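Observations on the model geometry
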Amino acid sequence: MPAGGRTITELVGNTPLLRIHLFEERFPDVEVYAKAEWFNPGGSVKDRAALAMIEDGERRGLLTHDRVIVDSTSGNTGIAYALLGAAKGYRVRLVMPSNVSDERKQLVAAYGAEVVFSDGMEGSDGAIRMVREMIAAEPDCYFYPDQYNNPANALAHYNGTGREILQQTGGRVTHFVAGLGTTGSFVGTARRLKEHDPTIQAIAVQPDDAFHGLEGLKHLPTSIVPGIWDPALADENLGAPTEPSYVLARRLARSEGILVGHSCGAVLWAIEKLAATIERGVVVTIFPDGGDRYLSTGLYRRA
Ligand SMILES: Cc1ncc(COP(=O)(O)O)c(C=O)c1O
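Only a predicted model underlies this, so the values are computations on that prediction, with no experimental measurement involved. (Residues numbered from 1 in each chain as written. Predicted model: local features only at pLDDT ≥ 70, side-chain atom pairs only at ≥ 80, totals over all residues. Heavy atoms only, no water.)

In this section: the sheet that holds strand β2 (residues 30-36). Here six strands make up an open sheet; going across it, the order is β1-β2-β10-β7-β8-β9 and the pairing mixed. Each edge of the open sheet carries a strand with a single partner, namely β1 (17-20) and β9 (236-240). Adjacent strand axes in the sheet meet at a mean angle of 25 degrees, parallel and antiparallel pairs treated alike. Pairing analysis gives three bridges linking strand β7 (residues 175-179) to strand β10 (residues 281-287), with the strands arranged parallel. Pairing of Phe 176 across the sheet is with Val 284, part of β10. Relative to β1, helix α7 (residues 242-256) is tilted by about 95 degrees, and along the sheet it contacts β1, β9 and β10. Against the sheet, helix α8 (residues 262-277) engages β1, β2, β7, β8 (201-207), β9 and β10, with an angle of about 165 degrees to β10. (Pairing = 2+ DSSP bridges. Helix = DSSP H or I, 4+ residues; strand = E, 2+ residues; numbered from the N terminus. Axes fitted to C-alpha atoms, helices over the stretch in contact; angles between N-to-C directions. Contact = heavy atoms within 4.5 Å.)

Bringing the pattern of salt bridges into the picture now. Under the defined criterion, the tally for this structure stands at 18 salt bridges. For the salt bridge of Arg 129 with Glu 122, the shortest nitrogen-to-oxygen distance reads 3.1 Å. Taking relative accessible area as the criterion, Arg 129 reaches 42% and is therefore assigned partly exposed. Three or more residues are tied together by salt bridges with common partners; here these are Lys 35, Glu 37, Arg 48 and Glu 164. (Salt bridge = Lys/Arg side-chain N within 4 Å of Asp/Glu carboxyl O. Buried < 20%, exposed > 50% of the residue type's maximum accessible area, 1.4 Å probe, protein only.)

Lining the immediate environment of the ligand, one finds 15 residues, of which Lys 46, Gly 181, Thr 182, Ser 185 and Ser 263 sit closest. One of the side-chain nitrogen or oxygen atoms of Thr 182 is found 2.6 Å away from an oxygen atom of the ligand. Ser 185 is positioned with one of its side-chain polar atoms (N or O) 2.7 Å from an oxygen atom of the ligand. For the shell around the ligand, the residue count by class is four nonpolar, eight polar and three charged. (Near = heavy atom within 4 Å. Polar contact = N/O pair within 3.5 Å; in protein donor to acceptor, adjacent residues only side chain to side chain. Nonpolar A, V, L, I, M, F, W, Y, C, P; charged D, E, K, R; others polar.)

Ranked by internal contacts, the top residues of the largest apolar core, which has 36 residues, are Ile 20, Val 177, Leu 252, Val 260, Leu 268, Val 283 and Phe 287. Contributions of two or more residues to this core are made by β2, β8, β9, α7, α8 and β10. Here the element with the most residues in this core is α8; it accounts for nine residues. Not counting the four nearest positions on each side in its chain, Val 283 is found in contact with Val 30, Glu 31, Val 32, Tyr 33, His 175, Val 177, Ile 271, Leu 274 and Ile 278. If you look at the next biggest cluster of nonpolar residues, it comprises 24 residues, including Tyr 33, Val 173, Phe 176 and Ala 190. (Core = buried A, V, L, I, M, F, W, Y, C linked by side-chain atoms within 4.5 Å.)

The subject of this paragraph is the environment of Arg 91. With respect to the element layout, Arg 91 can be found in strand β4 (residues 91-97). When the C-alpha atoms of Arg 91 and Val 70 are compared, they prove to be 8.7 Å apart, with 21 residues separating the residues in sequence.

For the rest of this paragraph, the subject is the pairing of β7. Burial within β7 is extensive, with five of its five residues counted as buried. What you see with β7 is no split at all: His 175, Val 177 and Gly 179 on one side and Phe 176 and Ala 178 on the other are buried throughout. Where β7 and β8 come together, five bridges link them in parallel fashion. Following the sheet pairing, Ala 178 is matched in β8 by Ala 204. Taking the sense of rotation as the criterion, the β-α-β connection linking β7, helix α6 (residues 184-196) and β8 turns out right-handed. (Right-handed = clockwise from strand over helix to strand, strands pointing away.)

Now for unusual backbone geometry. Of note in the backbone geometry, Asn 14 takes a positive phi value of approximately 50 degrees without being a glycine. Looking at the element boundaries, Asn 14 is found in the segment before β1. Given a relative accessible area of 57%, Asn 14 falls into the exposed group. We note that Thr 183 has phi near 85 degrees; this positive angle belongs to a residue other than glycine. Mapped onto the secondary structure, Thr 183 falls in the loop between β7 and α6.

As a further point, take the sheet that holds β4. The sheet built from four strands is open, its strands ordered β5-β4-β3-β6 with parallel pairing. The open sheet has two edge strands, β5 (114-118) and β6 (142-143), and neither has a second partner. The pairing of β4 with β5 spans five bridges and is classified as parallel. Across the sheet, Val 95 pairs through a bridge with Val 116, a residue of β5.

As structure tokens, this is what we get:
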């Protein structure tokens, strides 16, 4: 450790790999592991992508201290930008629909980010439009990481998450399961794993319906498809239903003491399906964030 301690940005990545026992009784020869991404300083997997995009912008000279980091996210990426902006001395401006939860607004404001509200009725598309208008009006004022189309997002996982999984399993991983949002974590990690061993199977998980309650995940058939998405990397695509995903998240909390977010329930649902079709294997997934972030949604209110 360097004299004077570590900086918060150095704590991004190198998350623990947890053994998950939920399906062990039914499928004793299927080992399940999960990357516990809430151990990142901003509490989610998005710290990795945000840091990689910011550092890529710095290297290219696109992000300088006279520019403001701008994006239209109310979720984990916004929290990551706000934290990293504060740590690195950049101003951060986040456009959010006016109806996002008070928890979100307070969290990014706590890191000193400026929040601009777009019309709540226009949802996330309205926020994206507002960011584009702001950039068009003052193009030299802003750095726009554009996580859906920025290759540095997936590269964060190619260089980080994928490499760590190979190290932490001693290369024993046979199946990789992850949810799709921007698709960065699935694409970057699957690419790294398949480069190491092309027989590793990658299973992509989306909500099973456009109207879902799996925060952080996208139903691609009814969404704008991210520019970084590479469908060739997915050996299988599974559609997770909302309520059964919630049930698995609750079971995990009660039986293993691991409190996770909505999208972790969805990957658990997919792993249970997968485990029933394979006799043995070493399955690794990503748990993008923890459950305390979702208490107000009622995820853990029911038995
Ligand atoms: C809670 C949660 N789960 C899953 C994802 C999906 O990750 P990615 O954007 O890398 O596809 C995200 C991304 O925002 C998220 O916030």
